[in-house]
Amino acid sequence: MTGYASVLGQPGANQGSAASQLGVELRSVNGRFLDLSMRLPEECRHLEGVLRERVSARIRRGKLELRLAWQGKPEGEWPEPPPDALARLALLQQQVTAALPSAQPLTVQEALQWCRATHTTSAAADEDWLALVDAGLNALLSARAREGERLQGLLMERIGTLRQLAARAEPLVPAVVARQQQRFLERWREALASAGSAISQEAAQERALHEAATQAIRLDVAEELGRLRTHLDEIERQLHRGGELGKRLDFLIQELHREANTLGSKSAALELTEIAVDMKVAIEQMREQIQNIE
C-alpha cells in the first residue's frame, strides 16, 4: 500500500549542533512481499538489524524505503573532536608505535573519523534515532490507513457495479435458453425432414427434447451468477473485517474472473456477452486496486 511519512526530532544532549535535527523519511508502494531498503548515515549503520526488526514487526507487505539523515547540517560535516577523545587517541598511537615502530602515524582525517564514530554511536544517540523511527512508522501507518479507506470505497463501488450487472443478466437467462432451445428444435426437424429418416416421429421428438435439455444445461449461467454473488459477499465481508487481506482478496478476485469468463463462454446472446465484458472490466479494476492492499 502506498504511503509517505516524514518526521523530525531534536537530538539529545551533545548530539549534533543546535541548528540540526534528526530526520526520518519513509516511502512505501505496493508489493506482494516486504522489500525494505535503507539509507543510513555512517553513525547509524550498526542499527540496521534493529531497524529491520522494528519495521518488519509492523509492516508485512510493500516496497518500503527508510531514510535517516541529519536535517539542517551540511552533508559530511565533522563534529568538534572532544579533547578527551583526542588524548585517548594519542595515547593509543603511542602504544602502537612503541610496539610497532614501522607503523604509520594517524592522519588528521583518520583521527577525525575515529572521533566522529565514537562521538555519535552512544546509547543516547541510538535511542533518539529509534524513537524517531517509531514515530515515523506511526505516521506511515496512519497514512496507509487513510489510503486503505479510500481503496475500500473504490472496491465497494465496483462490487455494486458487479451486483447490478448480475441483476441485469439474471432475467435474460431463461429467455436466452428458451430461444436457443427453439432454434435447436427447428434445426433438428429440418435435418430429419431433409434426411428422410426412418425413425418414428415420437422417438425423434424424444431425442430432440433430450438434446435440447442438454444444451439448455450448458447455456444456463444461473449457477455462475450465484457463485459470483457469493464471492462478492465474501469480499465485502473481508473489507469490513479488516486485517491482512491482500492474499485472500487476490484469491477471491481470481474466482470472480473465473465466473465472468464462464459467463462469457456460455453466452448465446449479445446482451449477455456485453454484460460479461463489463464484468471483466470491473473485476480487472478491482484487481489493480487490491494489489495496493496489505
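Residues numbered from 1 in each chain as written. Predicted model: local features only at pLDDT ≥ 70, side-chain atom pairs only at ≥ 80, totals over all residues. Heavy atoms only, no water.

Caption draft 1: Examining the pairing of strand β2 (residues 21-29) more closely. Where strand β1 (residues 3-9) and β2 come together, seven bridges link them in antiparallel fashion. Counterpart to Y4 in the pairing with β2 is R27. When β2 meets strand β4 (residues 62-71), the two strands line up antiparallel, connected through nine bridges. Its bridge partner being in β4, Q21 is matched across the sheet by Q71. (Pairing = 2+ DSSP bridges. Helix = DSSP H or I, 4+ residues; strand = E, 2+ residues; numbered from the N terminus.)

Caption draft 2: How the structure looks around the packing of helix α7 (residues 222-241) against helix α8 (residues 246-266). Closest axis-to-axis distance for the α7/α8 pair is 10 Å, and the angle between their directions is 160°. In this view, α7 runs roughly antiparallel relative to α8, as classed from their interaxial angle. Helix-helix and strand crossings are classified by hand; for α7 and α8 the assignment is left-handed. Residues E224, L225, R227, L228, H231, L232, E234, I235, Q238, L239 and R241 of α7 lie in contact with α8, whose contacting residues are R248, L249, L252, I253, E255, L256, E259, T262, L263 and K266. Of the residues assigned to the contact of α7 with α8, the class counts are ten nonpolar, three polar and eight charged. (Axes fitted to C-alpha atoms, helices over the stretch in contact; angles between N-to-C directions. Parallel < 35°, antiparallel > 145°, perpendicular 65-115°, else oblique. Left-handed = near helix turned anticlockwise from the far one by under 90°. Contact = heavy atoms within 4.5 Å. Nonpolar A, V, L, I, M, F, W, Y, C, P; charged D, E, K, R; others polar.)

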